[in-house]
Amino acid sequence: MAFENVGPVTDIAKGTALQVEIDGVEIAVVHADDDNFYAVRDECSHASVALSEGEVDGCTLECWLHGSRFDLRTGQPSGPPAFSPVAVYPVEIRDGEIYVSTTPSNGVEP
């Protein structure tokens, strides 16, 4: 599995998300409230808007447009208006740098 360096952990404050692009795919890298880093496809499966502009709450990321919430660990929406999950990408922290896999871990295509 290939991983891409997307920058230092200090670039993403706890409770925020940052949009990065890997192999032409926009990904939201999130520093969640549990102090872990997660990566999901940066596009709401309901309205095709950037999830990285939404609000982080615990281990969920909320779409700013209609309020769909996605579990950062599984990509599953917690309820309407989104019904389809978003792709989730494995994250590794190495020497203070964030690495994101180029292959989704939950089987959802980017």
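Note that the structure is a prediction, hence the values are computed from the model and not measured. (Residues numbered from 1 in each chain as written. Predicted model: local features only at pLDDT ≥ 70, side-chain atom pairs only at ≥ 80, totals over all residues. Heavy atoms only, no water.)

**Notes on the environment of Arg41**
Working step 1: For Arg41, the position within the fold is in strand β4 (residues 37-41).
Working step 2: On the basis of relative accessible area, Arg41 is assigned to the buried category, the value being 18%.
Working step 3: Separated by 20 residues in sequence, Arg41 and Glu21 place their C-alpha atoms 9.9 Å apart.
Working step 4: Each residue touching Arg41, except ones within four places of it in the same chain, is listed here: Val25, Glu26, Ala28, Leu51, Val86, Ala87, Tyr89 and Pro110.
Working step 5: A polar contact of 3.1 Å, which involves the side chain of Arg41, links it to the backbone oxygen of Glu26. (Helix = DSSP H or I, 4+ residues; strand = E, 2+ residues; numbered from the N terminus. Buried < 20%, exposed > 50% of the residue type's maximum accessible area, 1.4 Å probe, protein only. Contact = heavy atoms within 4.5 Å. Polar contact = N/O pair within 3.5 Å; in protein donor to acceptor, adjacent residues only side chain to side chain.)

**Let's talk about the nonpolar core**
Working step 1: Residues Val40, Cys44, Leu51, Leu61, Phe70 and Leu72 are the most contacted members of the largest nonpolar core, which totals 17 residues.
Working step 2: Not counting the four nearest positions on each side in its chain, Leu72 is found in contact with Val30, Ala32, Tyr38, Val40, Cys59, Thr60, Leu61 and Val88.
Working step 3: Formed by 13 residues, the second largest nonpolar core is a distinct cluster that contains Ile12, Ala87, Tyr89 and Val108. (Core = buried A, V, L, I, M, F, W, Y, C linked by side-chain atoms within 4.5 Å.)

**What to know about the UniProt feature "domain: Rieske" (unreviewed entry) in the protein chain**
Working step 1: Within the UniProt annotation, "domain: Rieske" (unreviewed entry) is assigned to residues 4-100.
Working step 2: Along residues 4-100 the backbone is 0% helical and 44% strand, and the end-to-end C-alpha distance reaches 5 Å. (UniProt positions renumbered as here; feature names shortened; annotations may be inferred.)

**Observations regarding the pattern of salt bridges**
Two side chains that carry opposite charge are able to pair once their charged atoms sit near each other.
Working step 1: One pass over the full model with this rule turns up five salt bridges.
Working step 2: Here Arg41 and Glu43 are joined by a salt bridge, their closest N and O atoms 3.2 Å apart.
Working step 3: Measuring nitrogen to oxygen at the nearest pair gives 3.0 Å for the salt bridge that ties Arg73 to Asp71.
Working step 4: Among the residues examined, Asp71 registers a relative accessible area of 19% and is labelled buried. (Salt bridge = Lys/Arg side-chain N within 4 Å of Asp/Glu carboxyl O.)

**Regarding the sheet that holds strand β5 (residues 55-57)**
Working step 1: Spatially, the three strands line up as an open sheet ordered β5-β6-β7, and their pairing is antiparallel. What marks the edges here is a single partner per strand, and that holds for β5 and β7 (69-71). In this sheet, adjacent strand axes meet at a mean angle of 25° when their direction is disregarded.
Working step 2: Bridge count between strand β6 (residues 60-62) and β7: three bridges; the pairing is antiparallel. Following the sheet pairing, Leu61 is matched in β7 by Phe70. (Pairing = 2+ DSSP bridges. Axes fitted to C-alpha atoms, helices over the stretch in contact; angles between N-to-C directions.)

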